[in-house]
Structures are given as C-alpha cells and as structure tokens.
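# Close look at the chain arrangement
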Amino acid sequence: MHVTADDNPDNFSSLSWDASSWDASAADIPHVLTPARLHQATAEVPGSVTVLDADFIKRTGVKRISQLLRYVPGMLVAHDIRDNSDAVVYHGGPSILPKSFQVLIDGRAQYLAGLAAVSWEDLPVAVEDIQRIEVVRGPAATSFGTNAYQAVINIITNYPQDAFDDQIGVQQGNNRDTYLYARTTGDQGIHHWRLSAKAYSTEHLRDSDDTSIGCTTPCDDNRDFAAVMLNTSHQLSDAQSLNTAFTMTNAYRDVPDYEFTSNHVESNQFEASVVYDHDLSDLHELKVSVHATRFERRQHGVLESGPSGFFDPLLRQLDEVNPEAADQFVQGESLTALDTTNPEELTLAQQLLTRYGADPAAFFIPISGDVHADTNERRIDLEIQDTVAFADNLIMISGLGYRREQIYSKPFYGGYIDSDQLRGFGNINWRASNRWALHSGVMYEYEEDGTDVWSGKLAANYLISPVESVRLVFSRAGRTPDILEQRADWIYVVDNAETESRYAGVEYYDGFKGPGNLKPQIIHSVELGYFASKPFWKGNIEWDVKLFREELNNVIYHYPSIRLDTVNDGNEIVYTGAEGQLTFTTRSAAEFRLTSAWLRAEVDPTEDLSDSDLVALYSPRSHSASWFQPWPAQIFTHLSAFVIEDGRRVNRGDDGDDLHTLELNIYRDFASAETTTRLGFRAQRDFTSNTFKPDSEPYEQAVRVQLSASVAF
C-alpha cells in the first residue's frame, strides 16, 4: 500500500493498490481516481472512464469546458438558443437544462438547485489550471449521489504547489470572442497558494429573428463572464493537510426575448471550500470536507405593448381552477373545457365574456413594465469520508454527508424554501487475486420531504495483465426529483406597470406549480467492457470499448416554462449500443485519438409527450478524431474532426441533421532561461449548416478564427 498525493483531488482517497509486485511495467500503468473515489489502475476501475489531461487540453486550444466534452464518446454538446447556453447530455436527453450527471470541481458540486441545472458558461475554473478531467461514462451514484445518474464529470485542478510558474494569456477572435487569463503562485514553506483570474466575452452565434421564439428584432446572444479563484494547500504535519478553495464569479448573458423587448440574466457566485485530510496510519485515512456556495441570479425582462388581458385577475382565477378553459379563452376558442357544474368557473367565465365579448379590443390594450425572475440560493455540504485498508488487497471507502439548500425566489417559489438531505455510502474494492478485481458499492439518500432513494453497483474486472482487462458492471442509480420539478410556484409579475386598461392587474394569468408527489427516476445499467494499453508499432496504443444497455424508468420530464401545465413522469427510455475510444502515441510524441458512439434509443413517453421531447438532444452515431503532431522549431499542430449523424432523429421516420466540423490549432513555443512564450492560431470550419437541435442557430461564419498569446515566467 502506498500514498499517491501528487494527483489526488479533494474528497478522494490517497490510498491505492501497489501493482508493482505483479508486473515490472506497473510504473507506466495509467491510473484514474473518480469511479470509486480511489486511485486505481485503469484496468481495475469499475466502469468506463475518459481522461482529458492537461497536455491534451493545451493541444486543443479550447477554453470552454463544454467544448472539451466533444472528445468524450457518447457525450453530445449543443447550443440552446432558448437559454443562450450550452446543453450537454450523455447519450440523450432534453435540450434545455439537462440534468443527468454530476459535475465536480475538486470535489465541489456545480449543480445549482434553484433552477436545477449546471451553468456550463459560468464554471469557476480556468482550463490553464486543470490537471485532468475524468469522465465516468455510466451511473456513479454509489460514489457521488443522486446527480451522478448517468455520468460524472470530475474536473481536477493542479495543487498550488504543482503550479510552478506565473502566467498571463489572451485570445481574440471573431464573434467578439475574447479570453483573458492570469495566474500567480507562491509558497511559504508548508503553505502554498495559487491565485487565478479569467474573463471572456462572446456573441457566440448569429443573431436570430426567428418569430417562433418571439424575437421581433434580432435576438441578442452576448455572453460575458469573469472569475477569480484562490486555492491554498497547507501541509500541517506528515500526516495532516488542509486544502482550501475560494471562488468569485460574475456573469451576464442575453436570453431570447419571447414577449420581451429585452431579456438578460446577471449572476454572482461565491464558493468556499475546506478539506481536512488526516492519515491515521498507513492503512487508515480520514477526510472531512465543508463546501459552501452562495448564488444570486437576477433576470430582467422589459415588456413593451403586451396584451393587458393576459394580466386580468379574473383570467388568473379561472386558470387556477381550470387551466385548459383559461387557455381556450385566451386563444379565442369555445370554452368546451369549462365545467358547467362548477358555479365558480361559470361565474368567472361569464364575467370575462361580459368584459371582453362586446369589446375584444379591450383585451389587447397594451401594458408595459419590468419583469424580474430572480433567485438567491445558499448551499452547505458537509461530508466525512473514512478509508480503511483491511489488507493489501481490500480497501473500503465509506462516509456520511449532509446537504442543506436554501432558496429565496418570489417568481419561482413564491418566497423562501429549503431542503435538507442526508446520505450514507460505502464502496468495497477487493483484489481477489492477480487476475480479479471486484467492486461493490451502495449509496442511500434521504430528503426531508420523505423522498429517499438507494443506488448500488457490482463490478468484476478480469485482468489479462496489469494493463489489459475485461469488465462487467451492473448499476442501479436513482435521481430524486429536483426542487424546480417538485416544488415550483412560478409566476410573472410586472413591476412599474403602465397601461390604460381598467381590467389589468400585475400578475400574468398563467403559472406553474410543482406537483409535490413525484417519485425518483431509476436507471438500471449493464456494461461489458474491454481496456488495454500496450506497446504497438513505434509507440503505444490504448483503447477502451464497451457494450451497454441502460433502462431508465419513471423518467421525469419538465420543460422549464411558466406555461407548462404539469411535470410528466412515468416515461421510459432504453439506450443500447456500443462506444469506444482509442489513443495511439508515437515515440516522437505524435498522438492520434478516435472516439465513436453507436446508439439506439427506444422511447415510451406519456400521452402528452413525443419521443423528441424526452430526447431532443440525441444522435445515433457520433464520432471524433484528432491528430497532434510536433514539428521542428517548437511548432505544434492539433487537428480535430467532429461528426454527428442523424442528430435529433429518435425514430427512423424522423428527419435527422448531420453536423460536420473541422478544427485546427497551431502554436509555437519560444523558450528562454526565464520565460516561455506561446503564440497560437485556431480555426473552425463547419461543413454543414445544421444546428443539431431545434430552435437553435448556426454560427454566423462558417469559418471562425482566434489568435492567442501567453507568457509563463
């Protein structure tokens, strides 16, 4: 047993198996950390993992985390114009606010409870600080809980003591694409720190005047983001360490206008994290972590000349007792949904008909004002993790956790709400012999409203050698309904209203209330995989392939709209297919990388949903290929191709879109005794004009370029 702290992120055990007794090449065995919270040889991990390390990230020149995930098999990335944000799903899912996996930065969850989503544009991390990104492609709820439903994206940054240089960098391109980065580091004996800052702004896509989303003028799509990150590391003694992280962010983005002439979101986030690690002995480790988050979101829309009848209090009262009848009245249809046996409904309908029947124009008298949709949320997450090696070949990781969410939002929740969650987990890793590595894990979570869910995993890896194995993995994972799905009380209120209508109030007639009785959705997954890393020709080849079946039961569908009548549960989805990744590295350091996913989705939606509602972001075949090549004179190139076939086509009868993109990154390093300067050129070329998902927009330019420069000193 030995300790490996050099690449160990917060909340993961530093204990690991020592395979050197079996094979002389053990020092060269690739290792990962995420699947079982344990430093393990890749051939022994209970699942499929894709690793994007710092070298690969630098070679691509990509500055956005979501765009890096295109190199992960089965991961789909698309721009969602309705929210002016990136949507990321694994295998398939809804396009806006997908919520099927956990995203971690050094153990800190990036899931925002108020709107139940990950904001990819606002992640408080810079790619220059990342040591590696590990993506667990499959359920990992036994290690990370309810949000680790289909996958986990674990972003691991360098320890402060591992960042030896200060650095500044800038990138500038078309689409008003600007990126700035700065870093400084320092140490005082046992104390180390890294202070980083990044900022970017972009217009991203071309403006849209698509009337289907309500834009009467071109839809603005600006994005601006700035973040400051401070990480510290303190070696208190040979057996004790303390790591802290503090981040502050500020973000702005425009969103589609819908009924508004202006609509934008501003947000501020503050994170604080403390992780204490104590090695009680060579075989026993205790870890205590505390993560706190404060997130404030302010959305401001300007309503000009909207129909004042939408804000009639009588219409709102009718909607509360009979939403279908209220919609029929608004659309000018006969009130066939009206319950004539209900005196309240009859009275409201008669009053509305009297009010607007003789003078329909009164319904359309304009109303103007401001509409706010703000949230203010706090989260505290406490966890104790205990790692014990009962023997050289048997390690157990167990722990208890508590999370408290507090949200104040008048528009979304009618005021203040909170949520408490308790969780307990245990994972056992047993090297039964030199040939067999076995894993079992369980997670139980309980929420204060009485909702509970348990997740389990069993895995067996047969090791042909330390760098080659066949694995079989069975998983059951649950996702509890999020706060927005379960408890929303969503209304629009017009502030500073101006209208000549004598009937208009300030509340929009339609609203959404969460049902409050949703049950967890469950996934059952089985995976048969093969991993190998071997010398090949004049280099080394590594590949990982898997066959899988994922059965999703009681799938919850919630399109985030105030006009939504209800949340749909009881949906079923089955994904079957194969996916793989291959990396060939030559002795001259050139690298070829291929990924591919072949997928079939069988969807059984409830009556009022379609297949494409549940899996609007989907492709039965998606691929990527990249080639990194060093040249003389410290010149390097990285060429990537991305192919998505039949995007959005769930059934054979549906129309599908293809998306073909080529990207090139060229850079040159100039090194001196004290500094290293890098000059770079990036370009992207789209060979199709499709957008891969509904209601989106292609880039304004088929060819996009960026120039960059950085100095490390």
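Conventions adopted
- Residues numbered from 1 in each chain as written.
- Predicted model: local features only at pLDDT ≥ 70, side-chain atom pairs only at ≥ 80, totals over all residues.
- Heavy atoms only, no water.
- Helix = DSSP H or I, 4+ residues; strand = E, 2+ residues; numbered from the N terminus.
- Rg over C-alpha atoms; globule rule 2.2 N^0.38 Å.
- Buried < 20%, exposed > 50% of the residue type's maximum accessible area, 1.4 Å probe, protein only.
- Areas by Shrake-Rupley, 256 points an atom, 1.4 Å probe, with all protein chains shown as cover.
- Lys, Arg positive; Asp, Glu negative; His and termini not counted.
- Charge placed at Lys NZ, Arg CZ, Asp CG, Glu CD.
- Pairing = 2+ DSSP bridges.
- Contact = heavy atoms within 4.5 Å.
- Polar contact = N/O pair within 3.5 Å; in protein donor to acceptor, adjacent residues only side chain to side chain.
- Axes fitted to C-alpha atoms, helices over the stretch in contact; angles between N-to-C directions.
- Parallel < 35°, antiparallel > 145°, perpendicular 65-115°, else oblique.
- Left-handed = near helix turned anticlockwise from the far one by under 90°.
- Nonpolar A, V, L, I, M, F, W, Y, C, P; charged D, E, K, R; others polar.
- Patch = residues over 30% accessible without salt bridge, like charges linked within 9 Å, V, L, I, M, F, W, Y side chains within 5 Å.
- Salt bridge = Lys/Arg side-chain N within 4 Å of Asp/Glu carboxyl O.
- pLDDT = per-residue confidence, 0-100.
- Core = buried A, V, L, I, M, F, W, Y, C linked by side-chain atoms within 4.5 Å.
- Phe/Tyr/Trp six-rings, centres within 6.5 Å; stacked < 30°, edge-to-face > 60°.
- Lys NZ or Arg CZ within 6 Å of the ring centre and 35° of its normal.

A few words now on the overall build of the chain. When helices and strands are counted, the chain shows nine helices and 39 strands. The C-alpha atoms of the chain give a radius of gyration of 27 Å, which matches the 27 Å a tight globule of 713 residues would have. Each principal axis of the C-alpha atoms in the chain carries an extent, and together these give about 90 × 55 × 55 Å. Across the 713 residues that make up the chain, the buried fraction comes to 57%. Total accessible area computed for the chain in this model is approximately 28600 Å², and 55% of it derives from carbon and sulfur atoms. Across the chain, 58 positive and 105 negative side-chain charges occur, with their mean positions spaced 5 Å apart.

In this section: the sheet that holds strand E9 (residues 101–105). Ordered in space as E5-E11-E12-E9-E10, the five strands form an open sheet in which the pairing is mixed. Strands with a single pairing partner mark the edges of an open sheet, and in this sheet they are strand E5 (49–53) and strand E10 (108–109).

Before going further, it helps to examine the side chain of Thr451. With respect to the helices and strands, Thr451 occurs in the loop between strand E24 (436–447) and strand E25 (452–465). The residues touching Thr451, leaving out its near neighbours within four places in the chain, are Glu445, Tyr446, Thr480, Pro481, Gln486 and Pro520.

One non-glycine residue, Arg37, adopts positive backbone phi at about 60°. For Arg37, the position within the fold is in the loop between strand E3 (31–32) and strand E4 (40–41). A positive phi angle is found at Ala589, which is not glycine, with a value near 80°. Structurally, Ala589 can be placed in the loop between strand E32 (568–586) and strand E33 (591–604).

Along helix H4 (residues 313–321), the positions that sit buried rather than exposed are Leu314, Leu315, Arg316, Leu318 and Asp319. Where H4 starts, the residue carrying a side-chain oxygen 2.8 Å from the main-chain nitrogen of Leu314 turns out to be Asp312.

Right, let's get into the packing of H4 against helix H6 (residues 343–357). Look at H4 against H6: their axes get within 10 Å of each other, and the N-to-C directions meet at 150°. Of the possible angle classes, the one that applies to H4 and H6 is roughly antiparallel. Note that H4 runs across H6; the crossing there is left-handed. Across the interface between the two elements, Leu314, Leu315, Gln317, Leu318 and Val321 from H4 touch Glu344, Glu345, Leu348, Gln351, Leu352 and Arg355 from H6. Of the residues contributing to the contact of H4 with H6, the split by class is six nonpolar, two polar and three charged.

Moving on, we come to a negative patch on the surface. Where like charges cluster on the molecular surface, the negative patch consists of Glu324, Asp565, Glu607 and Asp608. For Asp565, the position within the fold is in the loop between strand E31 (539–557) and E32.

Quick look at the side chain of Gln581 now. For Gln581, the position within the fold is in strand E32. Engagement of the side chain of Gln581 in a polar contact is seen with the backbone oxygen of Val49, the distance being 3.0 Å. Residues within four places of Gln581 in sequence aside, it is in contact with Val49, Thr50, Pro73, Arg137, Glu542, Trp543, Asp544, Leu594 and Thr595.

Any segment with low pLDDT has predicted coordinates that should not be analysed in fine detail. Per-residue confidence for the chain gives a mean pLDDT of 89, with 92% of residues at or over 70. Across the chain, the element-wise mean pLDDT spans from 35 in strand E1 (residues 2–3) up to 97 in strand E35 (residues 621–631). Per-residue pLDDT stays below 50 along residues 1–7; that stretch engages in 25 contacts with residues further than four places along the chain or on separate chains. Counted against residues more than four places away or in other chains, residues 18–27, with its pLDDT under 50, gives twelve contacts.

Ile65, Trp120, Ile133, Ile153 and Ile155 are the most contacted members of the largest nonpolar core, which has 55 residues in total. Excluding residues that lie within four positions of it along the chain, Ile155 makes contacts with Ile65, Val103, Leu104, Ile105, Asp106, Leu123, Val125, Ile130, Arg132 and Ile133. Judged by nonpolar contacts, the second largest core, of 24 residues, contains Leu318, Leu352, Ala362 and Tyr509.

What follows covers the packing of H4 against helix H5 (residues 323–330). At a closest axis distance of 5 Å, the pairing of H4 and H5 adopts a crossing angle of 140°. One element, H4, and the other, H5, form an angle in the oblique class. Counted together, Leu315, Leu318, Asp319 and Val321 of H4 and Pro323, Ala325, Ala326, Phe329 and Val330 of H5 form the full contact between these two elements. Across the contact of H4 with H5, the residue classes break down as eight nonpolar, no polar and one charged.

What follows covers the environment of Val152. Tracing the chain through its elements places Val152 in strand E12 (residues 151–157). Once the C-alpha coordinates of Val152 and Ala497 are considered, the two residues, 345 residues apart in sequence, prove to be 45 Å apart. With residues near it in sequence (within four places) discarded, Val152 still touches Thr34, Phe101, Gln102, Leu104, Glu134, Val135, Val136, Ala140 and Phe144.

A complete count under the given rule lists 24 aromatic pairs for this structure. On the numbers, 6.3 Å between centres and 65° between planes, the contact of Phe329 with Phe363 is edge-to-face. Residue Phe329 is found in helix H5, and its partner Phe363 is found in the loop between H6 and strand E20 (366–372); the two are separated by 34 residues along the sequence. Under the relative-accessibility criterion, Phe329 is labelled buried at 14%. Looking at Phe363, the relative accessible area reads 6%, which means it is buried. Ring centres of Phe412 and Trp490 lie 4.9 Å apart, and the angle between their planes is 45°; this geometry places the pair in the tilted category. Of this pair, Phe412 sits in helix H7 (residues 410–413) while Trp490 sits in strand E27 (residues 489–490), and the two are 78 residues apart along the sequence. One Lys or Arg, Arg685, reaches over the ring of Phe687 and ends 4.8 Å from the middle of that ring.

Tracing the chain through its elements places Ser440 in strand E24. Residues Ser440 and Pro46, spaced 394 residues apart in sequence, show a C-alpha to C-alpha distance of 8.8 Å. Once residues within four sequence positions are removed from consideration, Ser440 is found in contact with Gly426, Asn427, Ile428, Lys457 and Leu458.

Let us look at the pattern of salt bridges. A side chain of one charge can pair with a side chain of the opposite charge if their charged atoms are brought near each other. Inspection of the entire model under this criterion finds 43 salt bridges. Of the charged contacts, one joins Arg183 and Asp129 as a salt bridge, the two residues approaching to 3.5 Å between their closest N and O atoms. In this pair, Arg183 is assigned in strand E14 (residues 177–188) and Asp129 in the loop between E10 and strand E11 (130–137), connecting sequence segments 54 residues apart. Assigned by exposure class, Arg183 and Asp129 land together as buried.

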